Amino acid sequence: MARSDTTAALAVSVIVWLLCWKTSAGCLPGPVSIRIGNVAFLDDQQFTWGLHMAAGSPSQPLAFLPQWPLNETFVYGPAGFCPDSYVAKACVGFRGGTYTRESSSTSASLSLPADEPGPFPKLSWGSDTLSLNNDVNLDGFPIGIVQNDWGSQGYHPQMALGMGVNSTLVFWLNSKNLTASRAWSISSGLIFPFSNTDVPRDGSLILGGFDRGRIASGGNDRATVQLSRPSYGCPSGLVVSISDISLNLKNGTNASLFPPTLSQSLSACITPDYPALLTLPRDKYFANFESITGTTLSNRSYGLNYYTMRYSKSDRTYDGDITIILQGGFSVRIPNDRLVVPHVEIDVTTGAYVTDEQEPDLLINALQDTNANDMPTLGRHFLTAAYLLVRPESEMFTLWPSSHDQPEDLVAVDSNGITSLELCPSSSRTGPDSVAPSESPSAETHSLSPAGIFGVAAGSVIGLASIAILVVALWRRRRRCQRTTSCIRARIGDPQPIFEIDDHRRSSYLG
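Residues numbered from 1 in each chain as written. Predicted model: local features only at pLDDT ≥ 70, side-chain atom pairs only at ≥ 80, totals over all residues. Heavy atoms only, no water.

### So, the overall build of the protein chain
Working step 1: Regarding its fold elements, the protein chain presents six helices and 28 strands.
Working step 2: In the protein chain, which comprises 511 residues, the share counted as buried stands at 52%.
Working step 3: In the protein chain, of all internal contacts separated by at least 6 residues, the share reaching a separation of at least 24 is 68%.
Working step 4: Within the structure as shown, the protein chain displays about 22,600 Å² of accessible surface, and the carbon and sulfur contribution to it stands at 51%. (Helix = DSSP H or I, 4+ residues; strand = E, 2+ residues; numbered from the N terminus. Buried < 20%, exposed > 50% of the residue type's maximum accessible area, 1.4 Å probe, protein only. Contact = heavy atoms within 4.5 Å. Areas by Shrake-Rupley, 256 points an atom, 1.4 Å probe, with all protein chains shown as cover.)

### A word on the state of the cysteines
Working step 1: Evaluated as defined, the whole model comprises three disulfides.
Working step 2: Here Cys27 engages in a disulfide with Cys424; their sulfurs sit 2.3 Å apart. Linking Cys27 and Cys424, the disulfide has an S-S dihedral of approximately 90° and is accordingly described as right-handed. With Cys27 in the loop between helix H1 (2-24) and strand E1 (32-41) and Cys424 in the loop between strand E27 (418-420) and helix H5 (450-458), this pair connects stretches of sequence that are 397 residues apart. (Disulfide = S-S within 2.5 Å.)

### Quick look at the sheet that holds strand E17 (residues 309-310)
Working step 1: Sheet architecture is open: three strands sit in the order E17-E21-E20, paired in antiparallel fashion. In this open sheet, the two strands that pair with only one neighbour each are E17 and strand E20 (340-346).
Working step 2: Looking at chain direction, E17 and strand E21 (residues 353-362) are connected through two bridges and run antiparallel. The residue bridging Arg310 from the neighbouring strand is Asp361, located in E21. (Pairing = 2+ DSSP bridges.)

### Observations concerning the pattern of salt bridges
Working step 1: Enumeration according to the criterion identifies ten salt bridges in this entry.
Working step 2: Arg333 is the partner of Asp321 in a salt bridge, and the nearest nitrogen-oxygen pair spans 3.0 Å. Taken as a pair, Asp321 in strand E18 (residues 321-326) and Arg333 in strand E19 (residues 331-334) lie far apart in primary sequence, twelve residues in all.
Working step 3: Note on Asp321: relative accessible area 17%, which makes it buried.
Working step 4: Through salt bridges with shared partners, one network takes in Arg310, Asp356 and Glu359. (Salt bridge = Lys/Arg side-chain N within 4 Å of Asp/Glu carboxyl O.)

### Some remarks on the environment of Ala90
Working step 1: Its place among the elements puts Ala90 in helix H2 (residues 88-95).
Working step 2: Of the residues examined, Ala90 reaches a relative accessible area of 0% and is grouped as buried.
Working step 3: Along the backbone, Ala90 and Gly351 are 261 residues apart, and their C-alpha atoms lie at a distance of 3.7 Å.

### Details of the nonpolar core
Working step 1: Within the largest apolar cluster, 84 residues are counted, with the highest numbers of intra-cluster contacts made by Leu132 and Leu207.
Working step 2: The element best represented in this core is strand E7 (residues 137-146), accounting for five residues.
Working step 3: The contacts of Leu207, once residues within four sequence positions are left out, are Pro31, Val32, Ile34, Leu132, Met163, Leu169, Val170, Leu173, Thr179, Ala183 and Trp184. (Core = buried A, V, L, I, M, F, W, Y, C linked by side-chain atoms within 4.5 Å.)

### Remarks on the confidence of the model for the protein chain
Working step 1: Chain-level statistics for the protein chain give a pLDDT mean of 81 and a share of 75% at 70 or above.
Working step 2: Here residues 6-25 scores under 50 on pLDDT; set against residues more than four positions off or in separate chains, the count is 31 contacts.
Working step 3: Low confidence marks residues 432-511, where pLDDT is under 50. Its contacts with residues over four positions away, or in another chain, come to 135 contacts. (pLDDT = per-residue confidence, 0-100.)

### Quick word on the side chain of Arg300
Working step 1: You can see Arg300 is positioned in the loop between helix H4 (282-293) and E17.
Working step 2: Buried charge without a salt bridge: Arg300, with Asp369 as the nearest opposite-charge side chain at an N-O distance of 7.0 Å.
Working step 3: A distance of 3.0 Å separates a polar atom in the side chain of Arg300 from the backbone oxygen of Tyr307.
Working step 4: Separated by 2.8 Å, the side chains of Arg300 and Asn365 make a polar contact. (Lys, Arg positive; Asp, Glu negative; His and termini not counted. Polar contact = N/O pair within 3.5 Å; in protein donor to acceptor, adjacent residues only side chain to side chain.)

### Description of H4
Each α-helix turn comprises 3.6 residues. Residues three or four places apart therefore point the same way.
Working step 1: With twelve residues, H4 extends just 14 Å between its outermost C-alpha atoms, more than 12% less than the 16 Å of an ideal straight helix rising 1.5 Å per residue.
Working step 2: Regarding H4, the residues found buried are Arg282, Tyr285, Phe286, Phe289, Glu290 and Thr293. Each buried residue of H4 lies within a common arc of 135° when the element is viewed along its axis, so the set occupies one face. Exposed and oriented more than 90 degrees from the buried face of H4 are Asp283, Lys284 and Ser291.
Working step 3: Where H4 is buried, its residues meet strand E13 (239-248), strand E15 (266-270), strand E16 (278-281), E17, E21 and strand E22 (364-367).
Working step 4: A positive phi of about 70° marks Gly294, the residue just after H4. (Expected span 1.5 Å × (residues − 1). Arc of directions from axis to C-beta.)

This is how it looks when you write it as structure tokens:
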């Protein structure tokens, strides 16, 4: 019996070694892509823009917004906690759907030690299946149900996906080897009713990598920045230094919003869910915008672009673009149709969306009074023109000008900032301990059950022979992998990585 145990233990050790070697040989777990767009509810009679996810069994579609410094995930139940003037349909649109725990066969009670710290609502905790897309369903995921209105007004009205430094979702996926790292990337897309572009285009939140199809100019134009410690002024830790903001006027000239006497850059926080392009101190900066454009704005939007400036019918609407220039020279130009957009709000008495093109929104929030000294923010509309990749393990993030014309092209990023064009084969990922089935010798396996160990002991000779065959097969595969671009890996950062698909030629793509 001792000999059998020894043989089984040796077999298990070799298998574990093979699995580790397989991972180093090329492929990484494929990134998880969550669509950002309009999510329909109530038999397609209502919709909300956000992360298209679902909870429960059968699945209940929900529109989430990522939030910082939130780490957990919370949803709104049937109560909704909307103002009394909101009819049910309007509340569903405002909150991004409704989650009914009693309607789910997979819901369960859950006790957590305390509510999420910070300015968040009280929550009643449970667990349920959280669906990130058609292929990734996380069984038993902790979900908080909101128990009160927390006064976030129109800034953070919806279901919330915690993306803080200790994000449960991010760690859950990575710890179960469902993603290669805690890296994530985001593009807001071009979505009605937030843009008056004729063709709506979805955005995406990518967990464990990025979408190469979203990066414009071959990836050569970029800014790589050190992550900051999250703070009250910037809960995301995504702080950039703006050296200039320039208005690109219709006559072909440019005009800076920075005062001529300003000798230093302006720090700003990237907050991907914030309902504006940017916030600016009214004194000096926004006052310069008003002076250059010949319009004084005092009205505010109380619609979907909450608390941004709003034109009246008599105002002269700005018709140019705007360019944001970061320290180091990286710049993002935002076209006029993503700066001045139709005003959209929910009719609280019917739930219908009402659009007003005569009094549009200017997607700038002028900071004044008690908020005059707040750190400026670059919000969700900034990410219609810029693509963001965050690498928490490397404490770095990268910005590129974004593209909306290419199909999705996912690239995995591991915890060392190494990327891989080869994604490990997998099918539906259904839970914290699930493993995707595959007939390939390189199928992903994360644990060996007691029954498996017994089988190895009972058939040790055949098992070891099979292992020897696998060793040879994987060795040959690795040799092939090293000679083809399907297994090229590269580091994102100052070193020049390789993404040109060519067996003989290497060129810089990212940095």
